[in-house]
Amino acid sequence: MQTKILKVNPKNPKLSQIRQAAKIIRSGKLVAFPTETVYGIGANALDPSAVKRIFVAKGRPSDNPLIVHISDIADLGILVDHIPESSFDVIDKFWPGPLTIVFKKSKIVPKIVTGGLDTVAIRMPKNKIANMLIVEAGTPIAAPSANIAGRPSPTTAKHVIDDLSGRISMILDGGPTKIGIESTVIDLSRNTPMLLRPGGITLEQLQKVLGKVAIHPIIYGKKTKSAHRSPGMKYRHYSPRAKIILIQGTKSKVNKKISQLVQYYKNQGLHIGILSMEKNSTKSDMTRFIGNNPNRIASNLFKSFREFDDRKIDIVLAQEISQKGIGLGIMNRLGKAAYKKVQRVDSPLVLFLVCCPTCSTAEKSLKITHL
Ligand code: AMP
Ligand code: MG
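Residues numbered from 1 in each chain as written. Chains lettered and ligands numbered in written order. Predicted model: local features only at pLDDT ≥ 70, side-chain atom pairs only at ≥ 80, totals over all residues. Heavy atoms only, no water.

Asker: Explain the nonpolar core to me, please; I cannot follow it from the model alone.
Answerer: Among soluble globular proteins, nonpolar side chains are generally buried collectively. In terms of nonpolar packing, the biggest core is built from 46 residues, with Trp95, Leu99, Ile101, Ile122, Ile168 and Leu206 touching the most fellow members. Among the elements of the structure, β3 (39–44), α2 (48–58), α3 (74–79), α4 (86–94), β6 (99–105), β7 (119–123), α7 (157–164) and α8 (203–210) are those that each provide at least two residues to this core. The biggest single contributor to this core is α2, with five residues. Apart from the residues within four sequence positions on either side, Trp95 is in contact with Ile70, Ile73, Leu76, Val90, Ile101, Phe103, Ile122, Arg123 and Met124. Residues Ile244, Leu275, Ala298 and Leu301 belong to the second largest nonpolar core, which totals 25 residues. (Core = buried A, V, L, I, M, F, W, Y, C linked by side-chain atoms within 4.5 Å. Buried < 20%, exposed > 50% of the residue type's maximum accessible area, 1.4 Å probe, protein only. Helix = DSSP H or I, 4+ residues; strand = E, 2+ residues; numbered from the N terminus. Contact = heavy atoms within 4.5 Å.)

Asker: Even after reading the chapter, I still don't get the pattern of salt bridges, so can you show me in this structure?
Answerer: It is possible for side chains of opposite charge to pair when their charged atoms get near one another. A complete count under the given rule lists ten salt bridges for this structure. Between Glu36 and Arg123 there is a salt bridge, with its nearest N and O atoms 3.3 Å apart. Taken as a pair, Glu36 in the loop between β2 (31–34) and β3 and Arg123 in strand β7 lie far apart in primary sequence, 87 residues in all. Under the relative-accessibility criterion, Glu36 is labelled buried at 9%. Arg123 sits in the buried class, given a relative accessible area of 3%. The residue Asp309 makes a salt bridge to Arg151 at a minimum N-O spacing of 3.2 Å. Taken together, the residues span a long stretch of sequence, with Asp309 in helix α10 (residues 294–310) and Arg151 in the loop between β8 (141–142) and α7 at a distance of 158 residues. (Salt bridge = Lys/Arg side-chain N within 4 Å of Asp/Glu carboxyl O.)

Asker: I tried to follow unusual backbone geometry on my own but got confused; where do I start?
Answerer: It is generally the case that most residues other than glycine have a negative phi and that most peptide bonds are trans. That bond from Trp95 to Pro96 is cis: its omega, -5 degrees, falls within 30 degrees of zero. Structurally, Pro96 can be placed in the loop between α4 and β6. The backbone of Lys312 sits at a positive phi, close to 55 degrees, despite the residue not being glycine. Examined against the element boundaries, Lys312 turns out to sit in the loop between α10 and β16 (315–319).

In structure tokens:
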């Protein structure tokens with residue numbers, strides 16, 4: 001399949017271009033488009049065979065549900081069974097924007113969209129191109145991030161081309177996305193609101209409006225026996241091909257540990273990268289200094305992952321940052337991408353704690369007291 005790429009002015013999108021894309025959506029095919037968070041790959045949310053194409057193009061497991069994007073609050077009434085009172089203020093304050101809300105679904109939403117759940121995740125994006133596309137398509141658009149499953153979410157059209165060229169009908173290139181990590185997901189379908197994924201709208205902002213907000217333990221990388229509210233949460237997303245090692249601890253100890261680890265891996269003939277939020281004088285094969293402004297870190301995070309892969313880096317050493325504000329979302333993504341965590345380099349015994357279920361048993365028992 002030939003993928004058509006259209007460059008669109010993000011501030012003032014041409015209606016004729018958006019209409020070309022909307023026509024493709026209406027015909028049951030796929031269009032990638034920018035949102036304020038990351039690029040999405042969209043299909044008519046009410047057409048099960050169109051939605052199936054998303055799962056095929058991405059290689060996405062069928063139990064990982066999709067977010068449905070709307071442009072008008074009136075669409076909410078069609079898609080959901082019940083709009084809880086708690087959602088009114090949240091919608092008023094954060095829509096359009098990078099917030100996805102989980103509701104009880106109505107019959108009109110095909111099961112394939114929700115991975116078989118009786119709830120549906122809905123978002124009203126702010127990005128002009130996304131908004132106009134939904135309006136012109138005349139239907140809600142189901143759209144996960146526009147990457148091959150397991151790769152970092154795309155923040156530029158080039159990332160989408162790298163992953164999905166030949167697999168989808170069109171890409172709307174509206175330049176780099178602003179926020180850079182995926183939307184916040186909050187479940188309002190039950191009595192207590194629960195944060196399922198941290199993102200551009202912060203936990204603190206939500207607490208101000210909702211009061212008590214429960215936090216799903218998986219956000220902190222904790223295993224939970226309870227059934228996942230969101231099957232998608234069990235997948236290890238956001239992962240570059242390079243192995244990311246997340247180093248936690250006080251600044252001076254972290255810097256020392258980074259230089260020790262660089263030497264250790266260099267001696268093994270590996271290509272080593274550093275993802276650095278603080279200036280660090282250690283020389284590596286590729287150092288990406290992304291500053292210590294949390295918004296800037298978020299917008300450069302996935303791009304950096306992909307750049308390490310382009311340079312064939314084997315191991316990336318990354319520092320932890322504060323979990324305040326958007327920092328919670330950044331640390332969640334870093335934790336999910338991480339192959340290992342070197343926890344508390346200031347504690348006497350340093351262990352590699354494996355934080356992802358795909359690591360082998362041999363790796364799980366690896367101790368690095370020799371470092
Ligand atoms: P993506 O669009 O690839 O960023 O992934 C969408 C994510 O939204 C999924 O992995 C889930 O975590 C979440 N999600 C979508 N639908 C639901 C739902 N019905 N209930 C809970 N979470 C959902
Ligand atoms: Mg995704």
